[in-house]
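Architecture and fold: a report
What follows is the residue order along each chain.
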Amino acid sequence: KNLSVKAAKEHSIPQDLNKVLENKVMETVLDLSYVKLSVVEMTCSGDADSEGIVSQSVSSHSDLIPGVYEGGLKIWECTFDLMDYFSEAEIEFTNKSVLDLGCGAGLLGIVALQGEAARVHFQDYNSTVIDEITLPNVVANCISEGRRMGSGKDTKASKPPSKRPRKAEGSPDVLKRCRFFSGEWSQVSQLLLNSNKPCLKYDIILTSETIYNPDYYSALHDTLAQLLDRNGRVYLASKVHYFGVGGGIYLFEKFIEDKNVFRTRMVKTIDQGLQRCIMEIAFK
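Computed from a prediction, not measured in an experiment: that's the story for all the values here.

**Focus: the pairing of strand β5 (residues 119-124)**
Counting buried positions along β5 gives five out of six residues, so the element sits mostly inside the fold. As defined by bridge partners, strand β4 (residues 97-101) adjoins β5 across five bridges and the pair is classed as parallel. Note that in β5 the partner of S97 across the bridge is R119. Chirality of the crossover, the property in question, places the unit of β4, helix α5 (residues 107-114) and β5 among those that are right-handed. Note that β5 and strand β6 (residues 178-182) share five bridges and pair parallel. By the bridge assignment, Q123 is partnered in β6 with F181.

Shown next, in the form of structure tokens:
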């Protein structure tokens, strides 16, 4: 099928971090701050939603409009499965290079940052998602986590925490470890591979609920093959089957087997509700 190819771009981190958090209402889940999505839906229009994905998603009552909007306005449940797995399996992020692929809210990448990853790159199909959701989430967590995620200095709290929304002071060192990209996977791979900065392959690629549509399997497989370090690991969380779109974990596993580039293993199965899995992928 002919997929619409959405060009890739890198999003710069604004100098004034307060601008990123302007008009944002934050909630917390598992000690992480994230933008309240219903407020984004109400306030995000015009230039802030140049792709029109917020209005289209709201008016069509749809979490997916293939080739237009790929679900990044919502936090999907497998994200939390993967976060639980990091703790259980004691996944080590220290000094690693990490890609949060199809990042949406960016919670997986934020957990990697908290785990002292050397660099974390965030990618989502939609630029509106990066600007209005991912970037504000990363900034909010970097500010609130400045002491824990930063250089380890300034461990004494000099004054009691303020109840007011945290103002962003300067550019926390943590943000220097982040880059943000939007666009279709194959385009983002090309942007990274062809950039004048040397493309360091990723030690860990994290991705959740990105295999719902079999039309995208080839692009996803190629992206993993191009960007994963020889000794790297992909951790992919998915439902066993996506009704209505046709994708699922066993279909993708078969696709990978046929390509004969990677080996896979199911590292966790969650049986509550619709069955979900976490798959580890590595080069053969």
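**A word on the packing of helix α4 (residues 78-89) against α5**
Contact geometry of α4 with α5 gives a least axis separation of 10 Å together with a crossing angle of 20°. Compared by their axis directions, α4 and α5 come out roughly parallel. Relative to α5, the crossing made by α4 is right-handed. Seen from α4, the contacting residues are T79, F80, L82, M83 and F86; seen from α5, they are L107, L108 and V111.

**Focus on the packing of aromatic side chains**
The final tally for this structure, using the stated rule, is ten aromatic pairs. Ring centres 6.0 Å apart and planes at 50° place the aromatic pair Y85 and Y235 in the tilted group. In this pair, Y85 sits in helix α4 while Y235 sits in strand β8 (residues 228-239), placing the two residues 150 residues apart along the sequence. Accessibility expressed as a relative area gives 8% for Y85, which makes it buried. The exposure class of Y235 is buried, given its relative accessible area of 6%. Pairing F86 with F93 gives two aromatic rings, centres 5.1 Å apart and planes at 90°, and the pair type is edge-to-face. For the pair formed by F86 and F93, the shared burial category is buried. Clustering of aromatic rings is evident, with ring pairs tying together W185, Y212, Y216 and Y242.

**Observations concerning the environment of A112**
Take A112: it is sitting in helix α5. Residues A112 and L99, spaced 13 residues apart in sequence, show a C-alpha to C-alpha distance of 9.3 Å. With residues up to four places along the chain from it excluded, the contact list for A112 reads F93, V98, A117 and V120.

What counts, and at which threshold
Residues numbered from 1 in each chain as written. Predicted model: local features only at pLDDT ≥ 70, side-chain atom pairs only at ≥ 80, totals over all residues. Heavy atoms only, no water. Buried < 20%, exposed > 50% of the residue type's maximum accessible area, 1.4 Å probe, protein only. Helix = DSSP H or I, 4+ residues; strand = E, 2+ residues; numbered from the N terminus. Pairing = 2+ DSSP bridges. Right-handed = clockwise from strand over helix to strand, strands pointing away. Axes fitted to C-alpha atoms, helices over the stretch in contact; angles between N-to-C directions. Parallel < 35°, antiparallel > 145°, perpendicular 65-115°, else oblique. Left-handed = near helix turned anticlockwise from the far one by under 90°. Contact = heavy atoms within 4.5 Å. Phe/Tyr/Trp six-rings, centres within 6.5 Å; stacked < 30°, edge-to-face > 60°.

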